[in-house]
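# Structural description and commentary
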2 protein chains.
Amino acid sequence: MAPRLSVYLAGPEVFLPDGRELIEAKGAILRAHGLEPVSLPAEMGTLPAGTPWTVGVEISRRNEELVKRAGACIANLTPFRGVSADVGTVYELSFAAALGKKIAAYSNDPRPYRDRVKFDAYGGENPYRCQGKLWAPDRTMVEDHGMRDNLMLHAGLESRGATFHSPQTAPEDAWRHLGTFTAAVAELAGRGPTGG
Amino acid sequence: MAPRLSVYLAGPEVFLPDGRELIEAKGAILRAHGLEPVSLPAEMGTLPAGTPWTVGVEISRRNEELVKRAGACIANLTPFRGVSADVGTVYELSFAAALGKKIAAYSNDPRPYRDRVKFDAYGGENPYRCQGKLWAPDRTMVEDHGMRDNLMLHAGLESRGATFHSPQTAPEDAWRHLGTFTAAVAELAGRGPTGG
């Protein structure tokens, strides 16, 4: 039997009160597609006692190690505390991309980046056009490439043959909707060593 | 003469109206420290005509190529449109870290991540403590490791011997203050192939 593609689950689920259950549910979906999750709470092990600082450093070290060991990384890029994806998730996705791992990504916010910037960062005020670029009311430029987040994320996925999965309309609960995640998993399974 | 350490400048300066001048000024500081900037506007070349989408993909491709070619990456992690660093900058910093490049970083926001979350994301409302963790009013967990941003960023720097430089007090203009950048450059120069 061919070895299963191992997958690191990156995402801000760790910040949710039911994060553990959500991550386990996503792990079960990976397994149902013939993939092997490597970052479930059970595999993270017990953290050694220490100061908040040393514990933080140890979590980072373990996460980097798991990304290195995995064959793929699937990232939840749903915006977190702002107009863009969680920066810890982005760090892990990029780390995996640089190491040549297979990557996949999804977001449960249906809006393109430009609209989120307009409504979530600037209260709905329209950006203005000047010299072929789009500018927010505070005179910062707004990327206008039709992408779902900063171009390094969306185009980084695109260049590696990965779709940035997102729903047609906003799901009732962006953190607990599993449709886009499942689509990203199916894509990854199709590109995996056991896939077609 | 030993070759100069080449440095990729990552940061949201590209979104500022005077971004070009700011990046040139930072390039001059790199050169004054014996380092070689590789991502100045002049080196980025002219972009081919295309749709916004294809132009975005080409920018991403060129940036990844420049990070790969550089010996180091220095990242401006000053919060951008939210409580955390610009996700494009984080993508580039992590990409460099994964490839084993030297990394350095700075932010011109003096506050730890926890305080930015409290004041910038939740209007100053105090998070509450439950089961040893800190929770925001919307029941999302707030990292409390004494770090300057998500632990993958700060601890990722720490594990590689890099300081997350930041000012004691907020500078008058967070985007144009050069003190913390210069401190990060000096640190990088000290670790460079021509450094002590």
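Residues numbered from 1 in each chain as written. Chains lettered and ligands numbered in written order. Predicted model: local features only at pLDDT ≥ 70, side-chain atom pairs only at ≥ 80, totals over all residues. Heavy atoms only, no water.

## Overview of the overall build of chain A
Helix and strand counts for chain A stand at 7 helices and 8 strands. For chain A, whose C-alpha radius of gyration is 18 Å, the value lies close to the compact-globule estimate of 16 Å for 196 residues. Taking the principal axes of its C-alpha atoms as reference, chain A extends roughly 55 × 45 × 35 Å. Every one of the 196 residues in chain A was classed for burial, and the buried ones make up 55%. Considering only contacts within chain A whose residues lie at least 6 apart along the sequence, 67% involve residues at least 24 apart. Of the roughly 8,200 Å² that chain A leaves accessible, carbon and sulfur atoms contribute 53%. Of the charged side chains in chain A, 22 are positive and 23 negative; the average position of the first set lies 4 Å away from that of the second. (Helix = DSSP H or I, 4+ residues; strand = E, 2+ residues; numbered from the N terminus. Rg over C-alpha atoms; globule rule 2.2 N^0.38 Å. Buried < 20%, exposed > 50% of the residue type's maximum accessible area, 1.4 Å probe, protein only. Contact = heavy atoms within 4.5 Å. Areas by Shrake-Rupley, 256 points an atom, 1.4 Å probe, with all protein chains shown as cover. Lys, Arg positive; Asp, Glu negative; His and termini not counted. Charge placed at Lys NZ, Arg CZ, Asp CG, Glu CD.)

## Thoughts on the side chain of Ser94 of chain A
Residue placement: Ser94 of chain A occurs in helix α4 (residues 87-98). Discounting chain neighbours no more than four positions away, the residues touching Ser94 of chain A are Tyr91, Ser94 and Phe95 of chain B.

## Description of the pairing of strand β1 (residues 6-10) of chain A
All names here are of chain A. Across the 5 residues that make up β1, a large majority, 5, are buried. Side chains Ser6, Tyr8 and Ala10 project from β1 onto one buried face, and the interleaved Val7 and Leu9 project onto a second face that is buried too. One ladder, built from 2 bridges, connects β1 with strand β2 (residues 36-37); its direction is parallel. Paired with Val7 across the strands is Pro37, a residue of β2. (Pairing = 2+ DSSP bridges.)

## A look at the relation of the copies chain B and chain A
The two copies are related by a screw operation: chain B maps onto chain A through 180° of rotation and 0.0 Å of translation along the axis, at an RMSD of 0.0 Å. A rotation of that kind, with that shift, is consistent with a two-fold axis. With an isologous cut-off of 70% or more, the 100% of interface residues of chain B that recur at the interface of chain A puts this contact in the isologous class. (Least-squares fit on C-alpha atoms with pLDDT ≥ 70 in both.)

## Some details on the sheet that holds strand β5 (residues 128-130) of chain B
Residues and elements named next belong to chain B. With antiparallel pairing, 3 strands are arranged side by side in an open sheet as β5-β6-β7. Every interior strand has two partners, whereas the edge strands, β5 and β7 (141-142), have only one. Pairing geometry for strand β6 (residues 133-135) and β7, over 2 bridges, is antiparallel. Paired with Leu134 across the bridge in β7 is Val142.

## Some points on the side chain of Asn63 of chain B
Relative to the helices and strands, Asn63 of chain B is located in helix α3 (residues 52-69). We classify Asn63 of chain B as buried; its relative accessible area is 9%. If near-sequence neighbours (up to four positions away) are discounted, Asn63 of chain B is found in contact with Met152 of chain A together with Tyr8, Met44 and Glu92 of chain B.

## Points about the packing of α4 of chain A against helix α6 (residues 151-159) of chain B
Direction vectors running N to C along α4 of chain A and α6 of chain B enclose 55°, while the axes themselves pass 8 Å from each other. By the criterion of interaxial angle, the relationship of α4 of chain A to α6 of chain B is oblique. Where α4 of chain A approaches α6 of chain B, its residues Val87, Gly88, Tyr91 and Glu92 of chain A are matched on the opposing element by Met152, Leu153 and Gly156 of chain B. For the contact of α4 of chain A with α6 of chain B, a count of residues per class yields 4 nonpolar, 2 polar and 1 charged. (Axes fitted to C-alpha atoms, helices over the stretch in contact; angles between N-to-C directions. Parallel < 35°, antiparallel > 145°, perpendicular 65-115°, else oblique. Nonpolar A, V, L, I, M, F, W, Y, C, P; charged D, E, K, R; others polar.)

## What to know about the interface of chain B and chain A
Contacts between chain B and chain A engage 55 residues on the former and 55 residues on the latter. With both chains or domains summed, chain B and chain A bury close to 4,500 Å², and 66% of this area falls on carbon and sulfur atoms. Looking only at chain B, the three residues that lose the most surface to chain A are Trp53, Arg81 and Met152 of chain B, adding up to 19% of its buried area. Where chain B meets chain A, there are 2 salt bridges. (Buried area = accessible area lost by both parts, 1.4 Å probe. Salt bridge = Lys/Arg side-chain N within 4 Å of Asp/Glu carboxyl O.)

## A few points about the nonpolar core
Residues Tyr8, Leu77 and Val90 of chain A together with Tyr8, Leu77 and Val90 of chain B are the most contacted members of the largest nonpolar core, which totals 57 residues. Residues contacting Tyr8 of chain B, with those up to four places away along its chain left out, are Val38, Ser39, Asn63, Leu66, Val67, Ala70, Ala72, Cys73, Ile74 and Glu92 of chain B. (Core = buried A, V, L, I, M, F, W, Y, C linked by side-chain atoms within 4.5 Å.)

## Considering the sheet that holds strand β7 (residues 141-142) of chain A
Strands pair in a sheet through their backbones, by hydrogen bonds, and they do so in one of two ways: parallel or antiparallel. Strand order across the open sheet formed by 3 strands is β5-β6-β7 (chain A), with antiparallel pairing between neighbours. At either end of the open sheet lies a strand with only one pairing partner, and these are β5 (128-130) and β7 of chain A.

## So, the packing of helix α1 (residues 19-32) of chain B against helix α7 (residues 179-191) of chain B
Between two packed helices, the angle of one axis relative to the other and the distance separating the axes together describe the packing. Residues and elements named next belong to chain B. Running from N to C, α1 and α7 cross one another at 35°; their axes reach a closest spacing of 10 Å. Handedness of the crossing formed by α1 with α7: right-handed. Touching Lys26, Ile29 and Leu30 of α1 are Phe181, Thr182 and Val185, all from α7. (Left-handed = near helix turned anticlockwise from the far one by under 90°.)

## Looking at α4 of chain A
Residues and elements named next belong to chain A. Here α4 spans 16 Å end to end across 12 residues, near enough to the 16 Å set by a 1.5 Å rise per residue. Most of α4 is tucked away: 12 of the 12 residues are buried. Along α4, the residues that are buried comprise Val87, Gly88, Thr89, Val90, Tyr91, Glu92, Leu93, Ser94, Phe95, Ala96, Ala97 and Ala98. One or two residues past the end of α4 sits Gly100, with phi positive at roughly 80°. (Expected span 1.5 Å × (residues − 1).)

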